[in-house]
Number of protein chains: 2
Amino acid sequence: MTTQGRVTIADVAARAGVSVATVSKVINSRYGVAEATALVVREVIDDLGYESSLVARSLRSHRTNVLGILVAEFEPFSAELLKGASSAVAGTGYELLAYSAGGRADGNAGWERRSLSRLSGTLIDGAILVTPTVVDVQQGVTVVAVDPHTGPSHLPTIDSDNLAGAVRATEYLLALGHRRIGFLGGRTDLESARLRDEGFRQAMAAAGVAVDPGLVRVGGYRRETAEPVARELLAGPGRPSAVFAANDISAIATIDAARELNLSVPADLSVIGFDNVPESALTTPPLTTIAQPIQEMGAQALRVLVEALTGGEVPAHVRLPTALVERASCAPPARPA
Amino acid sequence: MTTQGRVTIADVAARAGVSVATVSKVINSRYGVAEATALVVREVIDDLGYESSLVARSLRSHRTNVLGILVAEFEPFSAELLKGASSAVAGTGYELLAYSAGGRADGNAGWERRSLSRLSGTLIDGAILVTPTVVDVQQGVTVVAVDPHTGPSHLPTIDSDNLAGAVRATEYLLALGHRRIGFLGGRTDLESARLRDEGFRQAMAAAGVAVDPGLVRVGGYRRETAEPVARELLAGPGRPSAVFAANDISAIATIDAARELNLSVPADLSVIGFDNVPESALTTPPLTTIAQPIQEMGAQALRVLVEALTGGEVPAHVRLPTALVERASCAPPARPA
DNA sequence: CTGTTAGCGCATTCAC
DNA sequence: GTGAATGCGCTAACAG
């Protein structure tokens, strides 16, 4: 008797010669089942490789023990977050479901709300939103945000010290002797991008160096958007001697653009990034960058979510430190200004 | 009127002043709705940020346009696969759902069958199984496997040329002058691990160098399992002058073990890995390794799955090439044997 | 102790 | 264009 398609609780019941109710009780270890019966049922379950359907179960019990991580797409940053969350979820009894809105990243604002709509209320007990733009808190779902949009939010939030990191990056370039420093900004709707911009300006002002508006661009954090902008920034006549890119993806795009223009990094152009995704070590030359503890951010987000779900004390805001990682993409300018 | 909890189709209907049936038709672009009505409905949908519930929809139509990637946990290898699949999914009309069995990786054999049971038939239209052990094809779900278990399988499979890669790695160490070469094997249930072992032995035999059984261990591909074994391998009196680790995680664990034992890499010990996950560039010294095109494997897996779902021709097996990536963890032995 | 029965929730799809 | 029945696998309440 080949069971066709999925194995359902009915298959198990039939094979074990009991009712579905009894099987359900065995699965959920309820009282009222003879040990002998339970034994048989468990055997059949093992035998058939039965596992209850997430959908059907959530339909009734409104509890799935599954936590969602909602991202726009799986790129280096969200992948690191996932690794961190995955290591933190072990032992909590929860499982992890990562959902990507489909990668159509552009005209796709509001993906977080839509993804949440699709999954919540039924499939997942709670969610981690990664770089969400719209966060009008939907009641009925427990949610924490990682690196969210600009403006106040009532969600528990995990981020890193973007301002201090950006100041550090800029100071580093200044200390090397750079004065014509370009800034390749991030997604303007995100608080992190705003703070990195602000940190850049603060550090420049503190050093008494004027920011040349022509050297400040928006790269949008993504390779496709950052690359043409980087090329533009470097192609002009008054090109910068150093670029602070708001994330590593943009920094990598900048290095590639420099190569195309026959500019040598770091001899002709210094580049510093932000994030320290693993990819940053793979560039030629390896990228100097500001590290965020991304995996730790993912782990913290998961812990906060579990805490919120179990009714514990939830911090409104967790901020992790950033640090400079010196590799080889920065050097003193060829002819100091 | 604050909609509480999720926005349902009923909310949309009420707000638009039509019936739920009409809304459903508009969503699925069925005939029989006046253009004016449809316009109003679409406006309300946008306004409310409505998105159909995955659960409810799959309940009726058995089609969700969601593809699953099932992994044991989110670690570097599966994360790379995810990136590749994510980039390939854009434009296909599908969305991606990655599901992790919970990270309790050990006594957890059969996770792939359980995960598949939980999600299939309802939530996802098809699945990519990553390093599955048990692959007794469940009817009713379209599935492709990446780097599956040993033995014949009737699933479309994506992998890389593990044998050639392992031969290449071993030849590289031999060419440097190493003779006492250790092998830190992978998960014995996976075909990839078997082939890497075989490639090692083939290359050794071809060079006329005997394999010292005391230098061959099983590291299981995971950090927790590989680290103690690596320590053991290096602590003994007749320690190897070079180690070929079956994946980068094991290689990194080997480098760490060497550091603890005050062995310098590569002066006292050469280490070569397999996979070329981004993390391999972050070690000190950076790891020399055999690259698999992991992202490309993820992208191919996704393409094959979509092809299978749309009834196209599906290759039984896609094998991608491997290549040596020379970094800095290998050197000639201190005193050639 | 076990079986029967009635929903759970939401989108779809008849028949009108 | 609408109302109402229906789909799914599971669980809870109660009956036997």
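All figures in this text were calculated on a predicted structure; none of them were measured in a lab.

Rules of the game
Residues numbered from 1 in each chain as written. Chains lettered and ligands numbered in written order. Predicted model: local features only at pLDDT ≥ 70, side-chain atom pairs only at ≥ 80, totals over all residues. Heavy atoms only, no water. Near = heavy atom within 4 Å. Polar contact = N/O pair within 3.5 Å; in protein donor to acceptor, adjacent residues only side chain to side chain. Helix = DSSP H or I, 4+ residues; strand = E, 2+ residues; numbered from the N terminus. Least-squares fit on C-alpha atoms with pLDDT ≥ 70 in both. Contact = heavy atoms within 4.5 Å. Core = buried A, V, L, I, M, F, W, Y, C linked by side-chain atoms within 4.5 Å. Buried < 20%, exposed > 50% of the residue type's maximum accessible area, 1.4 Å probe, protein only. 1 Å grid on protein atoms, 1.4 Å probe; cavity = no way out; pocket = protein on both sides within 12 Å on 5 of 7 lines; lining within 4 Å. Points joined across faces, edges and corners; volume = space filled by probe spheres on them. Pairing = 2+ DSSP bridges. Right-handed = clockwise from strand over helix to strand, strands pointing away. Nonpolar A, V, L, I, M, F, W, Y, C, P; charged D, E, K, R; others polar. Arc of directions from axis to C-beta. Domains from an automatic or database assignment. Axes fitted to C-alpha atoms, helices over the stretch in contact; angles between N-to-C directions. Expected span 1.5 Å × (residues − 1).

Participant: Can you break down the protein's contact with DNA strand D residue by residue, with the values?
Facilitator: Residues in close proximity to DNA strand D total 25 residues, the closest being A:Tyr50, B:Ala34, B:Thr37, B:Leu59 and B:Arg60. In DNA strand D, the atoms that sit within 4 Å of the protein are 60% sugar and phosphate, with bases accounting for the remainder. Between a phosphate oxygen of DNA strand D and a side-chain N or O atom of A:Tyr50, the distance comes to 2.3 Å. B:Thr22 has a polar side-chain atom sitting 2.5 Å from a phosphate oxygen of DNA strand D. In terms of residue count, the dominant contributor to the surface near DNA strand D is helix α4 (residues 54-61) of chain A (four residues).

Participant: Any details on the relation of the copies chain A and chain B? Residues and values, ideally.
Facilitator: For the pair chain A and chain B, the superposition axis carries a translation of 0.1 Å, the fit reaches an RMSD of 0.2 Å, and the rotation angle comes to 179 degrees. Viewed as a symmetry operation, the transformation between the two copies matches a two-fold axis. Mapped onto chain B, 100% of the interface residues of chain A are again interface residues, and the two copies thus contact each other with one and the same surface.

Participant: A description of the nonpolar core should follow, citing residues and the corresponding values.
Facilitator: Counting residues in each nonpolar core, the largest one holds 58 residues, and the members touching the most others are A:Ile128, A:Leu302, B:Ile128 and B:Leu302. Beyond its immediate stretch of four places on either side in the chain, A:Ile128 contacts A:Gly68, A:Ile69, A:Leu70, A:Val144, A:Val146, A:Ala301, A:Leu302 and A:Leu305.

Participant: Could you give me a rundown of the layout of surface pockets, with the residues and numbers involved?
Facilitator: For the largest pocket, the calculated volume is near 1200 Å³. Of all the secondary structure elements, the ones that give two or more residues to the lining of the largest pocket are α5 (76-89), α9 (223-235) and α10 (248-260) of chain A together with α5 (76-89) and α11 (294-309) of chain B. For the lining of the largest pocket, the leading source of residues is α5(B), giving four residues.

Participant: Let's hear about the pairing of strand β1 (residues 66-71) of chain A: which residues, and what values?
Facilitator: Residues and elements named next belong to chain A. Along β1, six of the six residues are buried, which leaves the element largely enclosed by surrounding structure. The side-chain alternation of β1 yields two buried faces, one formed by Val 66, Gly 68 and Leu 70 and the other by Leu 67, Ile 69 and Val 71. Bridging between β1 and strand β2 (residues 95-100) involves six bridges; their strand directions are parallel. Looking at β2, one finds that Gly 68 is bridged to Leu 97. Between β1 and its parallel partner β2, the chain crosses via α5, and the hand of that crossover is right-handed. For β1 and strand β3 (residues 126-130), the ladder comprises four bridges, and the chain directions are parallel.

Participant: Can you explain the protein's contact with DNA strand C? Please cite residues and give values.
Facilitator: Around DNA strand C, 27 residues are found, and the nearest of them are A:Thr37, A:Arg60, B:Ile9, B:Tyr50 and B:Leu59. Counted by atom, the contact set of DNA strand C within 4 Å of the protein is 56% sugar and phosphate. Here B:Asn28 contributes a side-chain N or O atom positioned 3.2 Å from a phosphate oxygen of DNA strand C. Contributions of two or more residues to the surface near DNA strand C are made by α2 (20-27) and α4 of chain A together with α2 (20-27) and α4 (54-61) of chain B. Examining the composition of the surface near DNA strand C, we find that four residues originate from one element, α4(B), more than from any other. Among the residues forming the surface near DNA strand C, the class breakdown is 10 nonpolar, 11 polar and six charged.

Participant: Now, about helix α1 (residues 9-16) of chain A: what can you tell me, with residues and values included?
Facilitator: Residues and elements named next belong to chain A. Looking only at α1, the buried set comprises Val 12, Ala 13 and Ala 16. Seen end-on, α1 carries its buried residues on one side only, within an arc spanning 100 degrees. Capping the start of α1 is the job of one residue whose side-chain oxygen sits 3.1 Å from the backbone nitrogen of Ala 10: Thr 8. Once α1 finishes, Gly 17 follows within two positions and takes phi at roughly 70 degrees, a positive value.

Participant: Now, about the domain arrangement of chain A: what can you tell me, with residues and values included?
Facilitator: Splitting chain A by domain gives domain 1 (9-52), domain 2 (66-159 + 294-318) and domain 3 (162-292). Here domain 1 of chain A and domain 3 of chain A have C-alpha centroids that lie 61 Å from each other.

Participant: I'd love a proper account of the sheet that holds strand β4 (residues 142-146) of chain B, names of residues and values included.
Facilitator: Spatially, β11(A)-β5(A)-β4(A)-β3(A)-β1(A)-β2(A)-β2(B)-β1(B)-β3(B)-β4(B)-β5(B)-β11(B) is the arrangement adopted by the 12 strands of the open sheet, whose pairing is mixed. One side of each edge strand has no neighbouring strand; the edge strands of this open sheet are β11 (317-320) of chain A together with β11 (317-320) of chain B. Adjacent strand axes in the sheet meet at a mean angle of 20 degrees when their direction is disregarded. Across the face of the sheet, α11(B) comes into contact with β1 (66-71), β2 (95-100), β3 (126-130), β4, β5 (157-160) and β11 of chain B while running at roughly 160 degrees to β4(B).

Participant: How would you sum up α9(A)? Please name residues and give values.
Facilitator: Residues and elements named next belong to chain A. In this model α9 runs 18 Å from its N-terminal to its C-terminal C-alpha over 13 residues, within 8% of the 18 Å that 1.5 Å per residue would give. Taken together, the buried positions of α9 are occupied by Ala 226, Glu 227, Val 229, Ala 230, Leu 233 and Leu 234. For α9, the secondary structure elements touched by its buried residues are β6 (181-185), β7 (216-218), β8 (242-245) and α10.

Participant: Residue-level account of the sheet that holds strand β9 (residues 270-275) of chain A, with values.
Facilitator: Residues and elements named next belong to chain A. The strand order β7-β6-β8-β9-β10-β12 describes an open sheet built from six strands, whose pairing is mixed. The open sheet is flanked by β7 and β12 (323-325), the only strands paired with a single partner. If you compare each strand with its neighbour and ignore which way they point, the axes differ by 20 degrees on average. Those strands touched by helix α7 (residues 162-175) are β6, β8, β9, β10 (288-291) and β12, and its axis lies near 165 degrees from that of β9.

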